[in-house]
Amino acid sequence: MDVLTVTLNPALDMVMEVDDFRVGSIHRIFDSAKVHVSPGGKGINVSMYLDQLGIKSVAVGILGGLTGRMFHMRLKKDHDGITTSFLYVEDETREDMTISDKNENTLTEINLPGPKIDEKHLNLFMKKYTALLSRVKICVIGGTVPTGVPLDVYRGMIEKAEKSGVMTIVNVHGEPLTHAIKAKPTIVKPDIRGSKIVMGKKLETLKDYVESAKEMVNMGTKMVIYSFDIKNDLVVTSEWAYLFKMKTELKSENLLGVGDAYIAGLIYGILEGKDLFESARYGMAAAIADEMTKEKDIGGIEGMNRGLKFVEMERVSL
Amino acid sequence: MKVIDFMEKDVTAIFIDETVEEFIQACARQFRAGMPVVDSEMYVIGVITESDIIHAIVPSYMEMLHSTSFIPDTDIVKERLEDIKNKSISEFMSRKVDVLKTTDTLLSAAALIIKHGYRFVPVIDEENHLVGIVTRAGLLKALLK
């Protein structure tokens, strides 16, 4: 087992295709192919992409109730290569429902609340997390922090991992990110989909992004990856900064989960012994491969290698 | 077919210092009949099942009776569980544990289950870490494929 992925607040994603969706009307779906149920959450997604690349991972997190059980069973059914270890609580796992109306080109989302986690269960989880750290090389921490859990929880988790000699890759946002940075995670990919404010600073221009990444590098992180201008990634280390771009002739089919595919590709490169620059290329290639398909699918190592041909790099001054 | 091909890749386990109540809740929430007991590095050091707990709370004289239906229901079992629920599972677990290796055959797994009546058997890797479990249903499902 090489990789541990952590998703404290996973969700069962349900996408329903309803043409001509109207508020206040009854819509019956007769074709089961128009309902897609899948386990979701940043760490879980990374595990699913790693599975496609033939990399074994153990996915840990907190699940609850019958929804949690359904989440777990679905994950097992679709991804036999993923080892799991979930802590179960009484409250139900989050459900995120999306109504996709292709005629009107609209998405309507309803996100249900997740479980409230008390101190006792958090401590139990941390114990399981610590035990599993002894068996992996890389730990991926991603997603939101559940209700009841302190916002600096990731900081403690990163400190434990780094102390055990485990490389950490962090993909979080907001205040949990600000706390997490202090523990000097190896690689940070800030999640800026919801807000472009990172560590109290608003990011607008490329210079803002470079400065923000440099600040994190100066605090001890080895590499920072920012999604910039939707299709580009800014990658910054203490020695260089590059914009990784997708060749413009390619048409995107889907942007969902692309950031998680990036992390899986990055891990592939690292485990293959590549340096950070080369690994970032693999990350970008996996993201491109994922963008080319409608589902969360990078087409295995072959698909990622095809993606490599569409990666362009442009040096950015530090 | 080897154990690696049909085992459930789940390393959910319980630590030796967790309580009986925590174990019961974990089993109920995950529809499990028992769990491997591991140390802080995920080495399997025992197994605990619901039967171990039921055995501990039902008075031993009940086992000697041919019929128990004439005995009025009292709260004795509930009281006994109340007495032990905060105790460590280490007092009730089995320390002698049969395990399977990922390279063992399905036939040897089936034989082990039949011989001892196990509902599940922990699976370990070459370094003796827990890597999954074999269940009766999982074994039969693999044969149907």
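Along each chain, the written sequence defines residue order, and numbers are assigned to residues from 1. Starting at A for chains and at 1 for ligands, labels are handed out in the order in which the entities are written. Since the coordinates come from a predicted model, pLDDT governs what is reported: local features require at least 70, and pairs of side-chain atoms require 80 or more to be given and counted, while whole-chain, interface and lining totals use all residues. Each side-chain value is derived from all of the structure's non-hydrogen atoms; neither hydrogens nor water enter the calculation.

Notes on the overall build of chain B
Inference 1: Counting from the N terminus, the helices are DSSP H or I runs at least four residues long and the strands are E runs at least two residues long. What chain B contains, in helices and strands, is 6 helices and 6 strands.
Inference 2: Listing every helix and strand of chain B by position from the N terminus yields α-β-α-β-β-α-α-β-α-β-β-α.
Inference 3: Dimensions along the principal axes, computed over C-alpha positions, put chain B at roughly 50 × 35 × 25 Å.
Inference 4: Here chain B holds 145 residues, and the buried ones make up 43% of them. Relative accessibility under 20% of the residue-type maximum defines a buried residue, over 50% an exposed one, and the middle range a partly exposed one, all with a 1.4 Å probe and only protein chains included.

A closer look at the pattern of salt bridges
Inference 1: Salt-bridge detection follows one rule: a side-chain nitrogen of Lys or Arg within 4 Å of a carboxyl oxygen of Asp or Glu. Per the counting criterion, the structure on display carries 16 salt bridges over all chains.
Inference 2: With its nearest N and O atoms 3.6 Å apart, the salt bridge here joins Arg22 of chain A to Glu104 of chain A. With Arg22 of chain A in the loop between β2 (11–17) and β3 (35–40) and Glu104 of chain A in the loop between β6 (94–101) and β7 (106–111), this residue pair connects regions lying 82 residues apart in the sequence.
Inference 3: Notably, a salt bridge pairs Glu90 of chain A with Arg29 of chain B, separated by 2.9 Å at the nearest N-O pair. With Glu90 of chain A in the loop between β5 (82–89) and β6 and Arg29 of chain B in helix α2 (residues 20–30), the pair connects residues from two separate chains.
Inference 4: Of the residues examined, Arg29 of chain B reaches a relative accessible area of 15% and is grouped as buried.

Here's the deal with the side chain of Thr12 of chain B
Residues and elements named next belong to chain B.
Inference 1: Assignment of secondary structure puts Thr12 in the loop between α1 (3–6) and β1 (14–15).
Inference 2: Judged by relative accessible area, which is 2%, Thr12 ranks as buried.
Inference 3: There is a polar contact of 2.5 Å between the side chain of Thr12 and the side chain of Asp10. Polar contact is the term for a pair of N or O atoms within 3.5 Å; when the atoms are in protein, one must be able to donate a hydrogen and the other to accept it, and sequence-neighboring residues count only if both atoms are side-chain atoms.

A word on empty space enclosed by the protein
Inference 1: For cavity detection a 1 Å grid was placed over the protein atoms alone, and a set of points counts as a cavity when a 1.4 Å probe fits there but cannot get out; an open set counts as a pocket when protein lies on both sides within 12 Å along at least five of seven lines, with lining residues being those that have an atom within 4 Å of a point. Grid points are joined across faces, edges and corners, and a volume is the space filled by probe spheres set on the points. Following the criterion strictly, the structure yields 2 cavities of 30 Å³ or more and no others.
Inference 2: Approximately 140 Å³ is the volume attributed to the largest cavity.
Inference 3: Lining the largest cavity are 17 residues, and of these Leu87 and Leu124 of chain A together with Glu18, Glu22 and Ala26 of chain B sit closest to its centre.
Inference 4: Listed by contribution, the elements that provide at least two residues to the lining of the largest cavity are β5 and α3 (119–133) of chain A together with α2 of chain B.
Inference 5: Looking at the lining of the largest cavity, the element that brings in the most residues is α2 of chain B, giving 5 residues.
Inference 6: Asp, Glu, Lys and Arg are counted as charged, while Ala, Val, Leu, Ile, Met, Phe, Trp, Tyr, Cys and Pro are counted as nonpolar; the rest, among them Gly, fall into the polar class. Residue composition of the lining of the largest cavity, by class: 8 nonpolar, 4 polar and 5 charged.
Inference 7: Taken as a whole, the second largest cavity holds about 40 Å³ of empty space.
Inference 8: Around the second largest cavity, the lining residues are Ser85, Lys128 and Leu132 of chain A together with Val11, Thr12, Ala13, Phe15, Val38 and Met42 of chain B.
Inference 9: Taken together, the residues of the lining of the second largest cavity break down into 6 nonpolar, 2 polar and 1 charged.

A look at the interface of chain B and chain A
Inference 1: Between two residues, a contact is recorded if the distance between any of their heavy atoms is within 4.5 Å. Counting residues at the interface gives 19 residues for chain B and 24 residues for chain A.
Inference 2: Taken over both partners, the interface formed by chain B and chain A buries close to 1,900 Å², and the fraction arising from carbon and sulfur atoms is 49%.
Inference 3: Seen at the junction of chain B and chain A, the total is 3 salt bridges.
Inference 4: By residue number, the principal contributor to the side of chain B that touches chain A is α2 of chain B, which donates 3 residues.
Inference 5: Broken down by class, the residue content of the side of chain B that touches chain A amounts to 7 nonpolar, 4 polar and 8 charged. Buried area: the accessible surface (1.4 Å probe) lost by two parts on joining, summed over both.

Things to note about the sheet that holds β6 of chain A
All names here are of chain A.
Inference 1: Sheet architecture is open: 4 strands sit in the order β3-β2-β6-β7, paired in mixed fashion. Of all strands in the sheet, those with a lone pairing partner are β3 and β7, marking the two edges. For this sheet, the mean inter-axis angle between neighbouring strands, taken without regard to orientation, is 20°.
Inference 2: Here, strands pair whenever DSSP counts at least two bridges between them. One ladder, built from 6 bridges, connects β2 with β3; its direction is antiparallel. Directly across from Val15, in β3, lies its bridge partner His36.
Inference 3: The strands that helix α2 (residues 65–78) touches are β2, β3 and β6; relative to β3, the one it contacts most, it runs at about 95°. Axes here mean lines fitted to C-alpha atoms, for a helix over just the part in contact, with angles spanning 0 to 180 degrees between N-to-C directions.

What to know about the packing of helix α1 (residues 42–52) of chain A against helix α7 (residues 258–271) of chain A
Residues and elements named next belong to chain A.
Inference 1: Contact geometry of α1 with α7 gives a least axis separation of 8 Å together with a crossing angle of 50°. In terms of orientation, α1 lies oblique with respect to α7. Helix-helix and strand crossings are classified by hand; for α1 and α7 the assignment is right-handed. Taken together, the residues of α7 that come into contact with α1 (itself represented by Lys42, Asn45, Val46, Tyr49 and Leu50) are Asp260, Ala261, Ile263, Ala264 and Ile267.
Inference 2: Considered class by class, the residues forming the contact of α1 with α7 number 7 nonpolar, 1 polar and 2 charged. Under this scheme an angle from 65 to 115 degrees is roughly perpendicular, one under 35 degrees roughly parallel, and one over 145 degrees roughly antiparallel; angles in between are oblique. In this scheme, a crossing is called left-handed if the near helix is turned counterclockwise away from the far one by less than a right angle; it is called right-handed if the turn is clockwise.

Remarks on the packing of aromatic side chains
Residue and element names in this part refer to chain A.
Inference 1: A pair of Phe, Tyr and Trp rings is counted when the ring centres sit within 6.5 Å of each other, with Trp represented by its six-membered ring. The angle between the planes then sorts it: under 30 degrees is stacked, over 60 is edge-to-face, the rest tilted. According to the stated counting rule, one finds 9 aromatic pairs over all chains in the structure shown.
Inference 2: Between Phe71 and Phe86, the aromatic rings sit 6.0 Å apart at their centres with planes inclined by 85°, giving edge-to-face as the arrangement. Highlighted residues: Phe71 in helix α2 and Phe86 in strand β5, separated in sequence by 15 residues. Of the two residues examined, Phe71 and Phe86, each falls in the buried class.
Inference 3: Taken together, the ring pairs in this structure connect Trp240, Tyr242, Phe244 and Phe277 into an aromatic cluster.
Inference 4: For a lysine, the NZ atom is tested; for an arginine, the CZ atom; a charge sits over a ring if that atom is within 6 Å of the ring centre and within 35 degrees of the ring normal. Across from the ring centre of Tyr262, 5.4 Å away, lies the NZ or CZ of Lys189, which sits over that ring.

Digging into the nonpolar core
Residues and elements named next belong to chain A.
Inference 1: Nonpolar core, defined: a set of buried Ala, Val, Leu, Ile, Met, Phe, Trp, Tyr and Cys residues in which side-chain atoms within 4.5 Å join the residues together. Residues Leu4, Val6, Phe125, Tyr129, Tyr154, Met157 and Tyr226 are the most contacted members of the largest nonpolar core, which totals 60 residues.
Inference 2: Per-element accounting of this core gives the leading share, 8 residues, to α3.
Inference 3: Once you skip the residues sitting within four places of it in the chain, Tyr154 turns out to touch Leu8, Ile141, Gly142, Gly143, Thr144, Val145, Val172, Pro176 and Ala180.
Inference 4: If you look at the next biggest cluster of nonpolar residues, it comprises 38 residues, including Leu53, Val235, Tyr242 and Val258.

Quick look at the layout of surface pockets
Unfilled space is identified by rolling a water-sized probe across the atoms.
Inference 1: The volume enclosed by the second largest pocket comes to roughly 860 Å³.
Inference 2: Every residue lining the second largest pocket is counted, 31 residues in all, and those nearest its centre are Met73 of chain A together with Glu8, Thr135, Gly138 and Lys141 of chain B.
Inference 3: Listed by contribution, the elements that provide at least two residues to the lining of the second largest pocket are α2 of chain A together with α1, β6 (130–135) and α6 (136–144) of chain B.
Inference 4: With 6 residues, α2 of chain A is the single largest residue contributor to the lining of the second largest pocket.

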